[in-house]
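Letter by letter, the chains look like this.
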Amino acid sequence: MAVSAYKVFVTPLHTNATYGAAVEITDYVISSNFSKIKKSIDAGNYDIGVYTYADLSMTVVNYEGLFNNDTDSESMFYFTRDRAKVQIKYIDEATGTNVVYDGLINDEATLQDLEKDTVKFRILSLDSIFRKVKVLGGLINDNDTVSAALKSLLNRPAITAVIPYNAAKVTVGYDAIINDATPFSQKDSRNVLELLLNASGSVFYIDSVGEMTVKDRSVLTKTAVSLFGPGDEFQRDNIIKVKNYNDGLQRTFNTITVNETTSTDETFVDRYGVNIKSHSFDFITATTTYTGIADYYLGQFKQPKVEMVVYVKTDLAKTINILDPIIVDYKKLHKMYDNNRIPFAGTAIAGTDVAPYIIGGLEITPNITWKVIGVEHNTKAFITALRLRQS
């Protein structure tokens, strides 16, 4: 039987913008809150979210002084402990290694216990680098498109040293024109990134090869992962359970307002009641752009789309990422009455053999493609929860 495990690696900074070699520290970790590793978009009810990555903490033994700060010659951190990379890998002897989390040490929150010889680290997700890098005047200019502004924002050494950049992976849903770039000056990059993503109806995530990706919310064009419930006739069942199945009304917005300009769909307002979502962008002044953004969001969210959470083994979900396509085949169960066999055509006897009865209140058919909007790995149970939305 193949053995599965999680391992932890730290990569120290070599200079302010370059990193050294990764070092495995799994044997030093004595406690952590790695029990649930999350990443998501649009995962909060009654809202639209551009991205969320989990922050973690861990405590390590420090008998050798390996985890002291850079002022100690015994330390592995020869430049600074802050912003050292932390990577958690899921390792399966049969199928190989997959990265399930990337983060950075936030040294502001580091705590050492000299009596116990331990160090407690706070680990922020990789996107936390955006909070540490400021946007200077001239980086984004008047009349830039949002896509051009995003590329300028992301493609800077302080950021690309942490998360690789590929210009081909930066596209947007609605490419608005920036009329006034002055509101971006002197803000932190995280703030500016969220503003640009919201103005373009786009999301940010780190893809399967570790590169920054910006795109619209459409499902990725790739081979879908197929998930089967316990009623599968070929016994391919790999779904542990399905929870939180809902109609998606909590993320339905049929009236969108952008800078006091409103776009609405009266048909859906009449059917579901008014659900309003408002945005305000001080870097856009053209009324036509307000309308374009509002219309774009309305097309995305005016109609309810079913959502659910599907639980599977981590070994199956280890390579699944945000916006990946999923097919779910969840049939109702057929169960025989006591002391009765399954009747077969040509051999069953009318009036004697008894047809099975059906268990289950809901069936999910495989003719629907779902997209992943959230992934949560339970590192203790080796189970992964996939939050899915109808694409």
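Because the structure is predicted, anything quoted here is derived from the model rather than measured.

Criteria and thresholds
- Residues numbered from 1 in each chain as written.
- Predicted model: local features only at pLDDT ≥ 70, side-chain atom pairs only at ≥ 80, totals over all residues.
- Heavy atoms only, no water.
- Pairing = 2+ DSSP bridges.
- Helix = DSSP H or I, 4+ residues; strand = E, 2+ residues; numbered from the N terminus.
- Axes fitted to C-alpha atoms, helices over the stretch in contact; angles between N-to-C directions.
- Contact = heavy atoms within 4.5 Å.
- Salt bridge = Lys/Arg side-chain N within 4 Å of Asp/Glu carboxyl O.
- Buried < 20%, exposed > 50% of the residue type's maximum accessible area, 1.4 Å probe, protein only.
- Expected span 1.5 Å × (residues − 1).

Description of the sheet that holds strand E16 (residues 261–264)
Item 1. Read across the open sheet, the 3 strands follow the order E16-E15-E17; overall the sheet is mixed. Whereas interior strands pair on both sides, the edge strands pair on one side only; in this sheet they are E16 and strand E17 (276–279). Across this sheet, the average inter-strand angle for adjacent strands is 15 degrees, counted without regard to direction.
Item 2. Strand direction decides the pairing type here: strand E15 (residues 255–258) and E17, joined by 4 bridges, are parallel. Following the sheet pairing, Val-258 is matched in E17 by His-279.
Item 3. Helix H6 (residues 287–301) contacts E15, E16 and E17 of the sheet and is inclined by roughly 30 degrees relative to E16.

Looking at the pattern of salt bridges
Item 1. Overall, the coordinates contain 19 salt bridges when judged by the stated rule.
Item 2. Arg-190 is the partner of Asp-127 in a salt bridge, and the nearest nitrogen-oxygen pair spans 2.5 Å. Note that Asp-127 is positioned in the loop between strand E10 (118–125) and helix H1 (129–132) and Arg-190 in helix H4 (residues 189–200), a separation of 63 residues in sequence.
Item 3. Taking the relative accessible area as the measure of exposure, Asp-127 reaches 2% and is therefore buried.
Item 4. Between Lys-331 and Glu-233 there is a salt bridge, with its nearest N and O atoms 3.7 Å apart. Of this pair, Lys-331 sits in the loop between strand E19 (325–329) and strand E20 (333–335) while Glu-233 sits in the loop between strand E13 (225–228) and strand E14 (241–246), and the two are 98 residues apart along the sequence.
Item 5. Overlapping salt bridges bring together Lys-36, Lys-38 and Glu-376 as one network.

Examining H4
Item 1. Its 12 residues give H4 an end-to-end C-alpha distance of 16 Å, which sits within 8% of 16 Å, the value for a rise of 1.5 Å per residue.
Item 2. Burial within H4 is extensive, with 9 of its 12 residues counted as buried.
Item 3. Regarding H4, the residues found buried are Ser-189, Arg-190, Val-192, Leu-193, Leu-196, Leu-197, Asn-198, Ala-199 and Ser-200.
Item 4. Note on H4: the residue one or two positions beyond its end, Gly-201, has a positive phi of about 60 degrees.

Here we look at the pairing of strand E22 (residues 369–378)
Moving residue by residue along a regular strand, the side chains alternate between the two faces of the sheet.
Item 1. In terms of burial, E22 is largely enclosed, as 7 of its 10 residues are buried.
Item 2. The pairing of strand E4 (residues 36–40) with E22 spans 5 bridges and is antiparallel. Note on E22: the bridge partner recorded for Ser-40 is Gly-374.
Item 3. Summarising the sheet, E19 and E22 pair through 3 bridges and their orientation is antiparallel.

What about H6?
Item 1. Counted at 1.5 Å a residue, the expected span for H6 with its 15 residues is 21 Å, and the 21 Å between its end C-alpha atoms agrees.
Item 2. Looking only at H6, the buried set comprises Thr-289, Tyr-290, Gly-292, Ile-293, Ala-294, Tyr-296, Tyr-297, Leu-298 and Phe-301.
Item 3. Packing partners of the buried residues in H6 comprise H4, E15, E16, E17 and strand E23 (383–390).

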